[in-house]
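# Descriptive structure summary
Listed below, chain by chain, are the residues.
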Amino acid sequence: MSDGAVLHVKGRVLVGPEEVRDELWVIGGRVSYDRPAGARDVRTVEGWALPGLVDAHCHVGLDRHGAVPADVAERQALADRDAGALLLRDAGSPSDTRWVDDREDLPKIIRAGRHIARTRRYIRNYAWEVEPEDLPAYVAREARRGDGWVKLVGDWIDRDLGDLSACWPRGAVEAAIAEAHRLGARVTAHCFAEDSLRDLVEAGIDCVEHATGLTDDLIPLFASRGVAIVPTLVNIATFPDLAAGGEAKFPRWSAHLRRLHARRYDTVRDAHDAGIPVYVGTDAGGTLPHGLVAAEVAELVTAGIPPLTALSAATWSARAWLGRPALHEGAPADLVVYERDPRADVRVLGAPARVVVNGRVVG
């Protein structure tokens, strides 16, 4: 399309879960519901249109070994884009991906800076590894570098215990979260197990990643504080293989992972039923490939979340939570078009017919 071209999207435009329009127009890369007068260079796309999908937990610029070159990060972002994920919350990366912001054909990224972990308590080459007394200073640093988020590693295997355990004392997380909030950033944390969760939530954390350790006594606390979770079920599916690989050296840790995996769907369903906000994230970019957003939505449905709610967790409600527009008048025209209604069957998300970024059809 030329810079003066107009894109006409018609069929069923899903502005919200219940709000459906017959058409929208893309003028100058922005959404409009007013037909432009005298438009000549018009391209028409037909189908069921959704706002660009959200992957609220991924890692552009990261693989299993650490930071990757820009060409690899580009391929990761393109894989997400082609799957319809046009808004990414990058939940920790050592790579500088600011160059993506200058690309009109790539997804928009909300960065959480680099992970902050306890010394020797996370994956090598991923995080700043610090001790509790330095945590607030590193949180301040990443709050200034990121796009309104900071990512902590809340728990990890303690090799002396042979199991998952909390990484930070209560006072350290209280000071760190207060500092992030002072600087206008929200805080999230990687948490697989149970014992870090109460301190983090009572200290004021905004979100917990994975949250496999949610228990019946903790769910009301999350709900009352409005703490969101991003379950990353496509990643939790790898727990049995991880457990098998660590069985000989860390049998207690392996057994713990298996228990967390076995109850994963119950955990997510119970969280949703209690009113905890649940959003879609894949954890792509460490060991998982990018482009798994549709699979994660399907996993939420398998867990027992209603299909429309699961769809919203990757579209309307996710964008509102992250402070980014959906298909509102004047919003950037980031949208995905499908041949069938994704509200009727979320598996439709796995086959985008057209992907539109900044008003341009790119896939």
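These notes cover the structure that comes with them. Since this is a predicted model, take the numbers as computed values, not measurements.

### So, the nonpolar core
Among soluble globular proteins, nonpolar side chains are generally buried collectively. Residues Ile205, Leu214, Phe222 and Leu300 are the most contacted members of the largest nonpolar core, which totals 91 residues. Those residues in contact with Leu300, other than ones at most four positions away along the chain, are Pro231, Leu233, Val268, Val278, Val280, Ile305, Ala310 and Ala313.

### As for the environment of Arg145
The residue Arg145 is located in helix α2 (residues 135-145) in this model. Exposure remark for Arg145: the relative accessible area of 39% places this residue in the partly exposed category. Sequence separation between Arg145 and Gly113 is 32 residues; the distance between their C-alpha atoms is 5.9 Å. Ignoring sequence-local partners within four residues, the contact set of Arg145 consists of Arg98, Gly113 and Arg114.

### Here's the deal with the layout of surface pockets
Looking at the largest pocket, its volume works out to about 700 Å³. Around the largest pocket, the lining comprises 28 residues; the ones closest to its centre are Ile123, Trp156, Phe192, Leu242 and Thr287. Within the lining of the largest pocket, the residues separate by chemical class into 14 nonpolar, nine polar and five charged.

### Looking at the sheet that holds strand β9 (residues 108-111)
Taken together, the three strands give an open sheet; going across it, the order is β5-β8-β9, and neighbouring strands pair in parallel fashion. This sheet does not close on itself; its edge strands, each paired only once, are β5 (53-58) and β9. Neighbouring strand axes in the sheet, compared pairwise and without regard to direction, differ in orientation by 20 degrees on average. Bridge count for β5 against strand β8 (residues 85-90) is four bridges, and the pairing is parallel. For Cys58, the partnering residue across the bridge sits in β8 and is Asp90. The strands that helix α1 (residues 70-82) touches are β5 and β8; relative to β8, the one it contacts most, it runs at about 130 degrees.

### Regarding the pattern of salt bridges
This structure, assessed with the given rule, holds 29 salt bridges. With a shortest N-O distance of 3.0 Å, Asp266 and Arg269 are connected by a salt bridge. Pair noted here: Asp266 and Arg269 are both in helix α9 (residues 264-273), with a separation of three residues, about one helical turn. Classification of Arg269 as partly exposed rests on a relative accessible area of 29%.

### Here's the deal with α9
Those residues of α9 not exposed but buried are Arg264, Thr267, Val268 and Ala271. Across the axial projection of α9, the buried residues extend over an arc of 90 degrees, all falling on one side. Buried residues belonging to α9 abut α5 (219-225), β17 (228-230), α6 (233-236), α8 (251-262) and α10 (293-303). Among the residues trailing α9, Gly275 stands out with phi positive, at a value near 95 degrees.

### Considering the packing of α9 against α10
Axis separation between α9 and α10 bottoms out at 8 Å; the angle between their running directions is 85 degrees. Here α9 lies roughly perpendicular to α10, going by the angle between them. Packed against α9, whose contacting residues are Tyr265, Val268 and Arg269, the element α10 presents Glu299, Leu300, Thr302 and Ala303 at the interface. In terms of residue class, the contact of α9 with α10 is built from four nonpolar, one polar and two charged.

### Points about the packing of α2 against helix α3 (residues 170-182)
Closest axis-to-axis distance for the α2/α3 pair is 8 Å, and the angle between their directions is 25 degrees. Classified by the interaxial angle, the pair formed by α2 and α3 is roughly parallel. Where α2 crosses over α3, the handedness of that crossing is right-handed. In this structure, α2 contributes Leu135, Pro136, Val139, Ala140 and Arg144 to the contact, and α3 contributes Ala172, Val173, Ala175, Ala176, Glu179, Ala180 and Arg182. Broken down by class, the residue content of the contact of α2 with α3 amounts to nine nonpolar, no polar and three charged.

Here is what the cut-offs are and how they apply
- Within every chain, residues take consecutive numbers counted from 1 along the sequence as written.
- Local features in this predicted model are restricted to residues of pLDDT 70 or higher, and side-chain atom pairs are both shown and tallied only at a pLDDT of 80 or more, whereas totals for entire chains, interfaces and linings draw on every residue.
- Only hydrogens and water are removed before side-chain values are computed, so all heavy atoms of the structure are retained for them.
- The criterion is simple. A nonpolar core is a set of buried Ala, Val, Leu, Ile, Met, Phe, Trp, Tyr and Cys residues joined through side-chain atoms within 4.5 Å.
- A 1.4 Å probe rolled over the protein chains alone gives each residue an accessible area, and that area as a share of the maximum for its type sets the label: buried under 20%, exposed over 50%, partly exposed in between.
- Residue contacts are defined here by distance: any two heavy atoms, one from each residue, within 4.5 Å place the two residues in contact.
- Strands are runs of DSSP state E lasting at least two residues, helices are runs of H or I lasting at least four, and both sets are numbered from the N terminus onward.
- Both cavities and pockets are sets of points on a 1 Å grid over the protein atoms alone; in a cavity a 1.4 Å probe fits but cannot get out, in a pocket the set is open with protein on both sides within 12 Å along at least five of seven lines, and lining residues sit with an atom within 4 Å of a point.
- Grid points are joined across faces, edges and corners, and a volume is the space filled by probe spheres set on the points.
- Under the grouping applied here, Gly and all other residues not named as nonpolar or charged are polar, the nonpolar ones being Ala, Val, Leu, Ile, Met, Phe, Trp, Tyr, Cys and Pro and the charged ones Asp, Glu, Lys and Arg.
- At least two bridges found by DSSP between two strands is the condition for calling them paired.
- Angles run from 0 to 180 degrees between N-to-C directions of axes, and those axes are lines fitted to C-alpha atoms, restricted for helices to the stretch in contact.
- One speaks of a salt bridge when a side-chain nitrogen belonging to Lys or Arg is within 4 Å of a carboxyl oxygen belonging to Asp or Glu.
- This arc is taken over the directions from the axis of the helix to the C-beta atoms.
- Roughly parallel means an angle under 35 degrees; roughly antiparallel means over 145; roughly perpendicular covers 65 to 115; every other angle is labelled oblique.
- If you view the pair so one helix is near and one far, a crossing is left-handed when the near helix is turned anticlockwise from the far one by less than a right angle, and right-handed when it is turned clockwise.

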